[in-house]
Number of protein chains: 2
Amino acid sequence: MTITDVAKAAGVSRQTVSNTLNSPEVVRDETRKHVLEVIERLGYRANQAARQMRTGRSRLIAIGIEPDGDGISGSWADRFLHSLSETAAQEGYRILLYTAADDRSEIATYEDLLGAYQPDAFVLTGTHHDDLRASWLLERGLPFVAFGRPWSDLPDARHPWVDVDGAAGTEAATRHLLATGHRHIGFIGWPPGSGVGDDRREGWARTLSSPGVQRAVEDGIAAGESAARDLLGTEPEVTALVCASDSLALGALQAREPDRPVAVIGFDDTPAARAVGLTSVHQPLGEAAAACVELLARALESPDAGPPSAHVLLSPSLTIRQSA
Amino acid sequence: MTITDVAKAAGVSRQTVSNTLNSPEVVRDETRKHVLEVIERLGYRANQAARQMRTGRSRLIAIGIEPDGDGISGSWADRFLHSLSETAAQEGYRILLYTAADDRSEIATYEDLLGAYQPDAFVLTGTHHDDLRASWLLERGLPFVAFGRPWSDLPDARHPWVDVDGAAGTEAATRHLLATGHRHIGFIGWPPGSGVGDDRREGWARTLSSPGVQRAVEDGIAAGESAARDLLGTEPEVTALVCASDSLALGALQAREPDRPVAVIGFDDTPAARAVGLTSVHQPLGEAAAACVELLARALESPDAGPPSAHVLLSPSLTIRQSA
């Protein structure tokens, strides 16, 4: 399908077709309408590329997916992406997917995408302290929303974000354990310094009336198992554990001795938690993705409203199963 | 960034810019080169849309994701998508993601995508008998590759596909059980009629020297548990079960009585399998996604080579854990 085909079918010159697409204001209304009708009839292909040239809008939202790690804690991506694709389509956008190993390679990918596909907006996931990606996008005035709040309290960290209140989740988990009679509730989390991990630790800590015992390890089943074994071995009073992830919690389940039925609660309500009957904090991922699309759509419809700082903090819920 | 900006910066008329983009053959070489340089310098945005208009190539590959069901058997999508995005990027393509509930709504989405984004090719997942999507794409000569073989033996079912040899997987599982001393090995699968399910049943059946016992249920942990309970209850000789999915296998694990340690093998090597120590058939999803990209890239580079019927059948492996 070339401009020549369209010109022939419309009975006009190639110049008129070109003008209709690229300089519509120089073509008479009636002629332009006729040419556009022919373009539609012959197929949209040229039409969309032309529309994009005119409007500078691609109707694409780009999002990166991280390597899936152990596939347990990372399995939120499936559910988030599904809802993101679905709600974006309802607003007239599609999802452009890419992978990136770290901030710097993700920024290189932004450059590439902006050159080749012109996404209208980006969704950032896995936000962290001093997030280079957010600064880069903010500097260039590119629309984006973060799934995850800006953990750095910098003046330029003002951008739309959607997050789940992790502290509220571990607070709910701890309250559930207190209500079912536990008095000594430990915590297995990640090393201090990660926004997400510190937030989840905080919810547990603030719910106890006196300081609880805790261990901090990198994420993973094996790490969770040895941390739980160590904690339970040195703290005989502990009867329950709140964990910062389902991976850690699955490890903690394996650390239990037959004669000491310690209650365990995970975080993320992953398929693995469902499979083994692990009580876990459930994140409303569908709602979160829909909120991301809504904030983006709003920013894209009114680009001149200034840097939008709207945000949505969703409450997680506790899915209670056999483990606690 | 409009054509007027480019014209000003290049010191040429808007008409010349428009011609450079849309009718390059009518512009003097030197002028065209100069205008393109200015376009590049000012930003690629107009350039790519124009390139797409000229070449009819979007460098987008579209793929649909299904609702994640119980999130266990469906969790292959994460790993497949990651590898697909990564290998596609290496070939200069990006992934356009959409959701679709069934064949008909997926075809409606094809129409929409072709109108609005012009993907160069599609990746089909979840192929099945009488796949309307494959026929629709074949009729229109649209490039695609299926992850999953064409299960219908129709003359028009010739298209590139990548699949994992499911029968080889359940054969490996059954052989492993025979080698570890089991003589009565049952099968928990899906109702006959699904290509994937029948293939997995076949590998088990053909490895046994005499007909084995089996149950067929819809996928899911609860269904797997009751099917396994029923089979084990009526077949006291059975000491091992091969299952068509990890969901069924997780159910079978729960159906075991403490005094009868039945060996269980699942299929898909999902994170849930890893979490509970379930031996499972592992699909090489990264390789499969890379093979999809390779077949598509080949078809897109030589579109006139006729309907390509290249296919890749990958062998799964058995990941051995505690359950068998």
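Residues numbered from 1 in each chain as written. Chains lettered and ligands numbered in written order. Predicted model: local features only at pLDDT ≥ 70, side-chain atom pairs only at ≥ 80, totals over all residues. Heavy atoms only, no water.

A. Summary view of the sheet that holds strand S12 (residues 317–319) of chain A. All names here are of chain A. Read across the sheet, six strands follow the order S7-S6-S8-S9-S10-S12 without closing on themselves; strand pairing throughout is mixed. One side of each edge strand has no neighbouring strand; the edge strands of this open sheet are strand S7 (214–216) and S12. Each strand axis lies, on average, 20° off the axis of its neighbour in the sheet, ignoring direction. In this structure, strand S8 (residues 240–243) lies alongside strand S9 (residues 263–267), joined through three bridges in parallel fashion. Residue pairing in the sheet places Val242 in a bridge with Ile265 of S9. Together, strand S6 (185–189), S7 and S8 form the strand contacts of helix H10 (residues 221–234), whose direction differs from that of S7 by roughly 155°. (Pairing = 2+ DSSP bridges. Helix = DSSP H or I, 4+ residues; strand = E, 2+ residues; numbered from the N terminus. Axes fitted to C-alpha atoms, helices over the stretch in contact; angles between N-to-C directions. Contact = heavy atoms within 4.5 Å.)

B. Spotlight on the pairing of strand S5 (residues 161–164) of chain B. All names here are of chain B. Both faces of S5 are covered, namely the face carrying Trp161 and Asp163 and the face carrying Val162 and Val164. Where strand S4 (residues 144–147) meets S5, two bridges bridge the pair, whose relative direction is parallel. Pairing of Phe147 across the sheet is with Val162, part of S5. Relative to strand S11 (residues 311–314), S5 is paired through four bridges, and the arrangement is parallel. Residue Val162 lies in a different strand from S11, and its bridge partner there is Val312. (Buried < 20%, exposed > 50% of the residue type's maximum accessible area, 1.4 Å probe, protein only.)

C. Fine view of the nonpolar core. Ile188, Leu241 and Cys243 of chain A together with Ile188, Leu241 and Cys243 of chain B are the most contacted members of the largest nonpolar core, which totals 72 residues. Contact partners of Cys243 of chain A, with chain neighbours within four places excluded, come to Phe187, Ile188, Leu248, Ala249, Ala252, Val264, Ile265, Gly266 and Phe267 of chain A. In terms of nonpolar packing, the next biggest core, distinct from the first, is built from 52 residues, Val145, Ala291 and Leu296 of chain A together with Val162 of chain B among them. (Core = buried A, V, L, I, M, F, W, Y, C linked by side-chain atoms within 4.5 Å.)

Everything listed here is a matter of geometry and, on its own, says nothing about what the molecule does.
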